Amino acid sequence: MRPDLLTGGDARGDGQALDGPAPGLPVDPEAGGGDEQGSAGPAVEVGVDAGGERFVPRWASYGRNLAVGRSYTMSVPSNDNWGAGDPDGKRLTDGIVGPFYAGGVTPMYCLGWDDGQVVDITVDLGEPQRCGGFRIHLGGGWPWWDALKGEVKDTVEVLTSTDGEQYSSAGSFDLNPRRKDLPINLMLPDEETLGAYLFDLALPEPIEARFVRFHLTAKRSVCVSEVQVLDQIRSEPFDLRIALPDERPPGSGEAPKVLTPNGRPVPAPQAQANSAEPLGEPVLDPFRISVLA
Ligand SMILES: [Ca+2]
């Protein structure tokens, strides 16, 4: 079992509780989960922080792409499914990355390979360079597997070499990242799926390499629009610092605000004035007004 499943709760961040009630929610004795004697198990008090390590998102930044414009070889040529192909032999390092969405025009930016094919894409950086990480934009083809649902079965390993003869592994891409693993500065498609993505593989410390090989094993009709070699990939804690309405700095003179039902903060006096008009129905929870105003 993956370690993050052991924590229970909504570890994927996708709203699907994995096991048992979410922390802080009351336990329903009729819903099972008790011991063999039929008791309901330990009760969870409503509104009490169940504790645990606070999750802080991370902000990713990417260094210089050492592979852009560089030549590459492929052990298996691209197919031409849905407009895929590589007529000039430049598409994988032309700096153009395909959409974060499968289908539509995506294959037209890509090279394609079919289920069962194993291809080595080897980029020549021209001279030995310090490499801090790698990226590959990959997706369907068909089917349109959603990486966020853990559906991707393709694999991509990176191997590097200084002489073009002896290669050693630099690790494999995680092609099924969890929501918590995605950088906070990524904007997902509206459906919040990842049918295609510019996956990254950051190294714990830079390595010296001239040749970088992406060893792809296709488990479907897969599309790849770009491979990248970065001099660095940084991932730093980034707290969104969403302030609750009652968290005004003391003495700041900032007007108290309340949240509308759709989450927009508005000045409390304005909200109270608006709540009686035009239909006479309050737009705010009276409890919040009385506490926060
Ligand atoms: Ca490209």
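Owing to the predicted nature of the structure, the values given are computational and were not obtained by experimental measurement.

Reading the values: rules and limits
- Residues numbered from 1 in each chain as written.
- Predicted model: local features only at pLDDT ≥ 70, side-chain atom pairs only at ≥ 80, totals over all residues.
- Helix = DSSP H or I, 4+ residues; strand = E, 2+ residues; numbered from the N terminus.
- Buried ≥ 20, exposed ≤ 12 C-beta atoms within 10 Å, placed from the backbone.
- Contact = placed C-beta atoms within 7 Å.
- Pairing = 2+ DSSP bridges.
- Core = buried A, V, L, I, M, F, W, Y, C linked by C-beta atoms within 7 Å.

Trainee: Quick question: what am I supposed to make of the overall build of the protein here?
Mentor: Scanning the protein from terminus to terminus reveals two helices and eleven strands. Secondary structure elements in the protein, listed N-terminal to C-terminal, are β-β-β-β-β-β-β-β-β-β-β-α-α. A total of 293 residues make up the protein; the buried ones form 23% of that total. Look at the contacts in the protein between residues 6 or more apart in sequence, and 76% of them connect residues 24 or more apart.

Trainee: Please clarify how the pairing of strand S8 (residues 221–230) should be interpreted in this entry.
Mentor: The two faces of a sheet get side chains in turn, since along a regular strand they alternate between them. Counting buried positions over the ten residues of S8 gives nine, a clear majority of the element. Relative to S8, strand S3 (residues 111–113) is paired through three bridges, and the arrangement is antiparallel. Among the inter-strand pairings, Gly112 is bridged to a residue of S8, identified as Cys223. In terms of strand pairing, strand S4 (residues 118–142) meets S8 through nine bridges, oriented antiparallel. Following the sheet pairing, His137 is matched in S8 by Glu226.

Trainee: I would appreciate a short explanation of the nonpolar core in the present structure.
Mentor: Across soluble globular proteins, nonpolar side chains have a tendency to be buried as a group. Residues Ile136, Leu138, Val212, Val224 and Val229 are the most contacted members of the largest nonpolar core, which totals 41 residues. The greatest single-element share of this core, amounting to eight residues, is contributed by strand S7 (residues 196–217). Those residues in contact with Ile136 that sit more than four places away from it in its chain are Val156, Phe173, Phe199, Phe214, Val224 and Val227.

Trainee: Explain unusual backbone geometry to me, please; I cannot follow it from the model alone.
Mentor: Apart from glycine, the bulk of residues carry a negative phi angle, and the bulk of peptide bonds sit in the trans form. Cis peptide bonds are those with omega within 30 degrees of zero, and the linkage from Trp142 to Pro143 qualifies with -5 degrees. Relative to the assigned elements, Pro143 resides in the loop between S4 and strand S5 (155–161). The phi dihedral of Trp82 is positive, around 55 degrees, even though this residue is not glycine. Along the chain, Trp82 turns up in the loop between strand S2 (72–74) and S3. Residues other than glycine seldom take positive phi values, yet Glu192 does so here, at roughly 55 degrees. Here Glu192 lies in the loop between strand S6 (168–172) and S7. For Glu192, a count of 10 C-beta atoms within 10 Å puts it in the exposed group.

Trainee: I keep staring at the environment of Leu92 and nothing clicks. Help me out?
Mentor: Considering the arrangement of structural elements, one finds Leu92 in the loop between S2 and S3. Leu92 sits 19 residues away from Leu111 along the chain, and the two C-alpha atoms are 7.7 Å apart.

Trainee: What is the right way to look at the environment of Arg64 in this model?
Mentor: Along the chain, Arg64 falls in the loop between strand S1 (58–62) and S2. Residue class for Arg64 comes out partly exposed when judged on the 13 C-beta atoms lying within 10 Å of it. A C-alpha to C-alpha distance of 7.2 Å links Arg64 and Gln232, two positions 168 residues apart in sequence. Those residues in contact with Arg64, other than ones at most four positions away along the chain, are Leu230 and Asp231.

Trainee: Is there a simple way to think about the pairing of S5 in this case?
Mentor: Residues Val156, Val158 and Thr160 line the buried face of S5, whereas the alternating positions Thr155, Glu157, Leu159 and Ser161 sit on a face that is not buried. Note that S5 and S7 share seven bridges and pair antiparallel. Bridge pairing in S7 links Val158 to Phe214. Judged from the four bridges that link them, S5 and S6 form a sheet pairing that is antiparallel. Paired with Val158 across the strands is Gly171, a residue of S6. Taking the residues between adjacent antiparallel strands as the criterion, S5 and S6 are bridged by six residues, where Gly164 takes a positive phi near 80 degrees.

Read these as layout, nothing more, since geometry by itself doesn't imply function.
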